[in-house]
Structures are given as C-alpha cells and as structure tokens.
Amino acid sequence: MKILKTTVKILLLLVSAMTNSYSQTNPLFTQETAEKLASLPLHCITQEFPNKTGHSSDGAADHKMLPSDLHPSFYGCLDWHSSVHGHWMLIKLLKTFPEIKDKAKIIKTLENSFKPEKIKTEAEYFTKYKTTKTFERTYGWAWLLKLDQELLTWNDPMAKKWHQNLQPLTKEIVRIWTEFLPKQTYPNRTGVHPNTAFGLCFALDWAIATKNETFEMAVISKANEFYYEQKNAPAYLEPDGSDFLSPNLEIADLMRRIMPPREFEGWFKSFLEPKSIENILKMPVVSDRTDFQIVHLDGLSLSRAWCMKGIAKSLARTNPLKARFEKKSQEFLEKTLPNVTSGNYGGDHWLASFAVYAIFD
C-alpha cells in the first residue's frame, strides 16, 4: 500500500516532538554556535549587493529596478531564496535560544521584513510580470513554506503577527504550486535548485502542519508517481561539480515521509545498490571555498547529513545501514560546520541555514 496517511502524520509529529530535545543534547549546537551562525544572515539580509535577482524584465522600466524594489522583504543574501531561508533560520534560532545574542537586532530585522506592505509587494511579484509565475520554482517556494511553517508552530505573539502578515505571499506560493503540480510530467533530478524531491519534502511538511489535505494529497500522489517504482538509482555517479543536494538521497528523504517504516525499508533496499550507498557516504571534496559554485559542495555535505539522519529514523534497529547513516550524518556535520563561517560571501550568504536545518531535522 503506497499511502498510509495516518502513519505519515504520526511519524512527523514524533519527529517534531523530538526536535527541541535533540537541539539541547547535540554537542554541535550550543548557544555560542547558534550566535555565530545567526550573525551570517543577520548581516546579509540587508546587504543588497552582490545580487543575483533571477528577474526576467518585461521592459526598460522594470529592467532598471533595484533588487530591493522588486523584493522589498527578500532582496539580500545574494538571491531571493537565500534571503528567505536566512529569515527561516533566524526564526528557528530565536525559538530555540530565547536569550540569543543580538536578539533585539534580529527582531528588528524580522519586523522590518514582515511589514504587510512589503509582503504584499512580494506576493504581487508572482503575477505582475510575464514570466514570474516560474520565479524560484520550486526551491524558493519550498523555503517560503518552511518559513511559514516555522512561524505557524511558534506560540509567540510576534510570530503570530509575522505569520499573519506573511499570508498573502504564502497563499500565492501555494496557489501557483497547486497549479503547477498536475502539469509537472517529469521530475527534476538535479543536485541544485530545481530538484523536485527536495521541494516536495518541504511542501509535504507544510501541508501536514497546516492541515491542507488537498495540497498534501497532491504532493503524495506526485511523489509516488515520480519515485515509487524507481530501482537501482545511479547515486554512484554523484556528485556533479556544483551540487548542494544529493538527487537520490533527496528522493529517499521524501519517500520515507510517505511510507510506513517497513514498506520504506523494502523500497530503499531496491532503490540504492551497495556501490551507490558507498559513494554517497564519501565526504565531498571542496577545492576552493571562494568559488561561488564549488562551495556548493559544503552544502551537499550538510544536505546529505540531514537526509541520512532522516532515512535512518525509518530503518529498523537491525538494519546495518541505520547505524552507518547515523554515524556518517554526524561525521558530515562535524567536518563541515567549521567551514560554514569561512569569511567568503559565496558560502556565508546561505550555508548557515543548511547547517541549522541539518542539526534540527
């Protein structure tokens, strides 16, 4: 049986319940570490340049607009999606460490970004220009829903206000994603932004958290359509030179969300051959952290860590891969975390978010 909806919800609730205790017992994640990581998006959220807008101009007027004109809330951190998940990270850290250093500055920064008029402009962007319906599809969409989910699940007056202010943009993302799903005939199996499995992971998490059953079932249906019958995925060919996601581990991270553990374990055994597993357990080599593309491979280490940790949760104690994945997940985190604050903007504008998600997930 492909879908056991109740089981899916129970598993995700258990994972959510474990999050806070995990963050407090993980020696990698102290308040001192959190403060170092928080300083990165706190700095770049209001840094407009360098900037990669991804905007396709309709004419001279909008071609001359600054990033902050096009995106008054999410114009910093080089690109829209990095700004969005930088905001998510600050929310996550505020929730976990209420007395974090620079708390007042973090709140002021978030308050400014979540102003209703700014979010209204962000939402209107997706229908204002000819090609913006595909803007940030689906990576940026996924992080926006993760940000919305983080605010929704924080019982705090500020968070409730910010969540309410964010709704025009959240609803627009859900609308265009709901419209896109039936038209997506093939998945994107890349190791960078358009990766379909990664996007569906966050979309599913959001749908369950918000009790949007229509969107939830659409995501599950598409996941099964794309990946349920896949066997012997070629993970032995990973990675490409600028990957920050493992195309095949992301698929497994999605499928473990929609299957009961025993069914997932059988599926996973057919999905990856031993040579593929051995390959993805190798630490990616990052030859130049000043190169904006090569440094993606640090992100690959972190995303592999969160995927392996999630997959391990769905494997039986007697499965030898469970212990291997748990051990490697921690190893990838320990070896990569010192590189997150490298002092180079190519990594500093986004890697901290990946580190925080890898620790928490």
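Everything discussed here concerns the structure shown above.
Residues numbered from 1 in each chain as written. Predicted model: local features only at pLDDT ≥ 70, side-chain atom pairs only at ≥ 80, totals over all residues. Heavy atoms only, no water.

1. Quick look at the pattern of salt bridges
Per the stated rule, a full pass over the model turns up 19 salt bridges. In this structure, Lys 222 and Glu 225 form a salt bridge, with 3.2 Å as the shortest nitrogen-oxygen distance. Pair noted here: Lys 222 and Glu 225 are both in helix α11 (residues 213-227), with a separation of three residues, about one helical turn. Through salt bridges with shared partners, a single ionic network connects Lys 146, Asp 205, Asp 253, Arg 256, Arg 257 and Asp 361. (Salt bridge = Lys/Arg side-chain N within 4 Å of Asp/Glu carboxyl O. Helix = DSSP H or I, 4+ residues; strand = E, 2+ residues; numbered from the N terminus.)

2. Concerning the state of the cysteines
With the rule as written, the count across this model stands at one disulfide. Shown here is the disulfide that connects Cys 44 with Cys 77, its sulfur atoms set 2.2 Å apart. For the disulfide bridge between Cys 44 and Cys 77, the dihedral angle about the S-S bond is near 80°, and by the sign convention the bridge is right-handed. Of this pair, Cys 44 sits in helix α2 (residues 31-44) while Cys 77 sits in the loop between α4 (67-70) and α5 (80-96), placing them 33 residues apart in sequence. With relative accessibility at 0%, the residue Cys 77 sits in the buried group. (Disulfide = S-S within 2.5 Å. Buried < 20%, exposed > 50% of the residue type's maximum accessible area, 1.4 Å probe, protein only.)

3. Focus on the packing of aromatic side chains
Taken as a whole and assessed by the stated rule, the structure comprises 33 aromatic pairs. Aromatic side chains Trp 141 and Phe 180 sit 6.3 Å apart centroid to centroid with 85° between the ring planes, which places their arrangement in the edge-to-face category. Here the residue Trp 141 occupies a position in helix α8 (residues 139-152), and Phe 180 occupies one in helix α9 (residues 157-180), the gap between them amounting to 39 residues. Judged by relative accessible area, which is 1%, Trp 141 ranks as buried. For Phe 180, a relative accessible area of 12% translates into the label buried. Grouped by ring-pair contacts, the aromatic residues Trp 88, Tyr 139, Trp 143, Phe 198, Phe 202, Phe 244, Trp 306, Trp 350, Phe 354 and Tyr 357 constitute a single cluster. Its guanidinium or amino end placed over the ring of Tyr 236, Lys 275 lies 4.1 Å from that ring's centre, counting from NZ or CZ. (Phe/Tyr/Trp six-rings, centres within 6.5 Å; stacked < 30°, edge-to-face > 60°. Lys NZ or Arg CZ within 6 Å of the ring centre and 35° of its normal.)

4. Topic: helix α15 (residues 296-313)
Counted at 1.5 Å a residue, the expected span for α15 with its 18 residues is 26 Å, and the 26 Å between its end C-alpha atoms agrees. Across the 18 residues that make up α15, a large majority, 17, are buried. (Expected span 1.5 Å × (residues − 1).)

5. Details of unusual backbone geometry
With omega at -10°, the peptide bond leading from Arg 137 into Thr 138 counts as cis. Residue placement: Thr 138 occurs in the loop between α7 (116-128) and α8. The omega torsion of the bond from Glu 238 to Pro 239 falls at -5°, within 30 degrees of zero and hence cis. Here Pro 239 is to be found in the loop between α11 and α12 (247-258). Even without a glycine there, the phi angle at Cys 77 is positive, about 55°. Even without being a glycine, Asn 232 presents a positive backbone phi close to 50°. Mapped onto the secondary structure, Asn 232 falls in the loop between α11 and α12.

6. Details of the side chain of Asp 298
Mapped onto the secondary structure, Asp 298 falls in helix α15. Looking at Asp 298, the relative accessible area reads 2%, which means it is buried. Ignoring sequence-local partners within four residues, the contact set of Asp 298 consists of Val 286, Arg 289, Thr 336, Asn 339 and Leu 351. (Contact = heavy atoms within 4.5 Å.)

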